[in-house]
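Architecture and fold: a report
Chain residues, written in single-letter form:
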Amino acid sequence: MAKSKFEFVASTIKEKIANNEYSRAQKLPSEYDLSKEFGVSRLTIRKAIGLLISENVLVKDPGKGTYILTDNKKIESGKMGLQGFTEVAQSAGRKPKTKVISLSKVNISLGVQEILNVGSTDSMVMLERLRFLDEEPMVLEKIVMNEKYVTGFEQNDFTESLFALLEKRGIKLSYSHQEIEAILVNDELSDFLKVAVGSPLLKIMSVTYTVDAKPVFYDTSYYRADKYTVKSTLMRYQK
């Protein structure tokens, strides 16, 4: 069966993306420009774009335009056990980058004090970071920990892997307990992650421990659901 006009346009756009005629992670030409390029109506272009969005080739950001996804395959966090963002990115063949938003002292709730096994007099800090893959924002992290673990480090040091920094201090991380919740993007998260308000996100709250079961940090991270999936292995207890 012969392809319809919009299917032909969609397949041609895919070929142009594969041949780098349309650069990845860049905005697609406007509907007007595409209709002139292909000699078809803007309605045909809209149908072609809709098809490519459904195939996860393109993504539309309302009011801003249509963008080419850098990689149609989602990053699988947890597939190789406990790994930091940098390790996951590198194992997927992607280039990680970190922007430190802030590192500041904070007061934490009684609940988080209990989770981290600290008292009201312990000095606690929050590290906020934005994590990127191939220059595209992926994760916003908010990590709470005892200041003693990071004394002497400068804010810029945290552009590196937190796992690696802690290991330099002799802190060997062993396992993590995670709670995953599906939420929608609000204005703040939209600004950081460059996704539309109301888009789905994965909110992952985790506590990471040493091999001798000492809690080191409490992390609340917001992952783009269009880019990330979380894998885990569940064991069945034998009766």
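Residues numbered from 1 in each chain as written. Predicted model: local features only at pLDDT ≥ 70, side-chain atom pairs only at ≥ 80, totals over all residues. Heavy atoms only, no water.

The name that an unreviewed UniProt entry assigns to the chain is GntR family transcriptional regulator, with the source organism given as Ligilactobacillus acidipiscis.

Thoughts on the nonpolar core
Counting 17 residues, the largest nonpolar core has Met 145, Phe 158, Leu 166 and Phe 217 as the members making the most contacts within it. The set of elements that each furnish at least two residues to this core consists of β5 (124-133), β6 (136-146), α6 (162-168) and β9 (215-224). Take this core: its biggest share by element is 4 residues, from α6. Apart from the residues lying within four places of it in its own chain, the contact partners of Leu 166 are Tyr 149, Ile 171, Leu 173, Val 216 and Phe 217. Val 9, Tyr 22, Ile 49 and Val 57 belong to the second largest nonpolar core, which has 16 residues in total. (Core = buried A, V, L, I, M, F, W, Y, C linked by side-chain atoms within 4.5 Å. Buried < 20%, exposed > 50% of the residue type's maximum accessible area, 1.4 Å probe, protein only. Helix = DSSP H or I, 4+ residues; strand = E, 2+ residues; numbered from the N terminus. Contact = heavy atoms within 4.5 Å.)

A short note on the pattern of salt bridges
Counted under the stated rule, the structure contains 13 salt bridges. Among the salt bridges present, the one from Lys 142 reaches Glu 128, with a minimum N-O distance of 4.0 Å. Placement of Lys 142 in strand β6 and of Glu 128 in strand β5 is noted, with a sequence separation of 14 residues between them. Among the ionic pairs, Asp 226 bridges to Arg 224, the shortest N-O distance being 2.8 Å. Note on Asp 226: relative accessible area 35%, which makes it partly exposed. (Salt bridge = Lys/Arg side-chain N within 4 Å of Asp/Glu carboxyl O.)

Some words on unusual backbone geometry
With phi around 55 degrees, Asn 117 is a residue other than glycine that occupies positive phi space. As for its placement among the helices and strands, Asn 117 is situated in the loop between α5 (110-116) and β5.

What about the packing of helix α2 (residues 31-38) against helix α3 (residues 42-54)?
Packing of α2 against α3 leaves a shortest axis separation of 9 Å and a crossing angle of 105 degrees. Comparing the axis directions of α2 and α3 gives the class roughly perpendicular. Residues Glu 31, Tyr 32, Leu 34, Ser 35 and Phe 38 of α2 pack against Arg 42, Ile 45, Arg 46 and Ile 49 of α3. Residues that form the contact of α2 with α3 fall into these classes: 5 nonpolar, 1 polar and 3 charged. (Axes fitted to C-alpha atoms, helices over the stretch in contact; angles between N-to-C directions. Parallel < 35°, antiparallel > 145°, perpendicular 65-115°, else oblique. Nonpolar A, V, L, I, M, F, W, Y, C, P; charged D, E, K, R; others polar.)

Notes on the environment of Glu 147
Mapped onto the secondary structure, Glu 147 falls in the loop between β6 and α6. Assessed through its relative accessible area of 25%, Glu 147 is described here as partly exposed. It is 8.0 Å that separates the C-alpha atoms of Glu 147 and Lys 105, two residues lying 42 residues apart in sequence. Setting aside anything within four residues of it in sequence, one finds Glu 147 in contact with Lys 105, Ser 123, Met 124 and Val 125. A polar contact of 2.5 Å, which involves the side chain of Glu 147, links it to the side chain of Ser 123. (Polar contact = N/O pair within 3.5 Å; in protein donor to acceptor, adjacent residues only side chain to side chain.)

Brief notes about the packing of aromatic side chains
Considering all chains together, one arrives at 3 aromatic pairs under this definition. With a centroid separation of 5.9 Å and an interplanar angle of 80 degrees, the aromatic rings of Phe 153 and Phe 158 are classed as edge-to-face. The pair formed by Phe 153 and Phe 158 is uniform in burial state, with each residue classed as buried. A centroid spacing of 4.9 Å and a plane angle of 10 degrees characterise the contact between Tyr 175 and Tyr 209, whose relative ring orientation is stacked. A residue pair is termed long-range when its members are at least 10 positions apart, and Tyr 175 in strand β7 (residues 173-184) and Tyr 209 in strand β8 (residues 200-210) qualify at 34 residues. Judged by relative accessible area, Tyr 175 falls into the partly exposed class, the value being 29%. (Phe/Tyr/Trp six-rings, centres within 6.5 Å; stacked < 30°, edge-to-face > 60°.)

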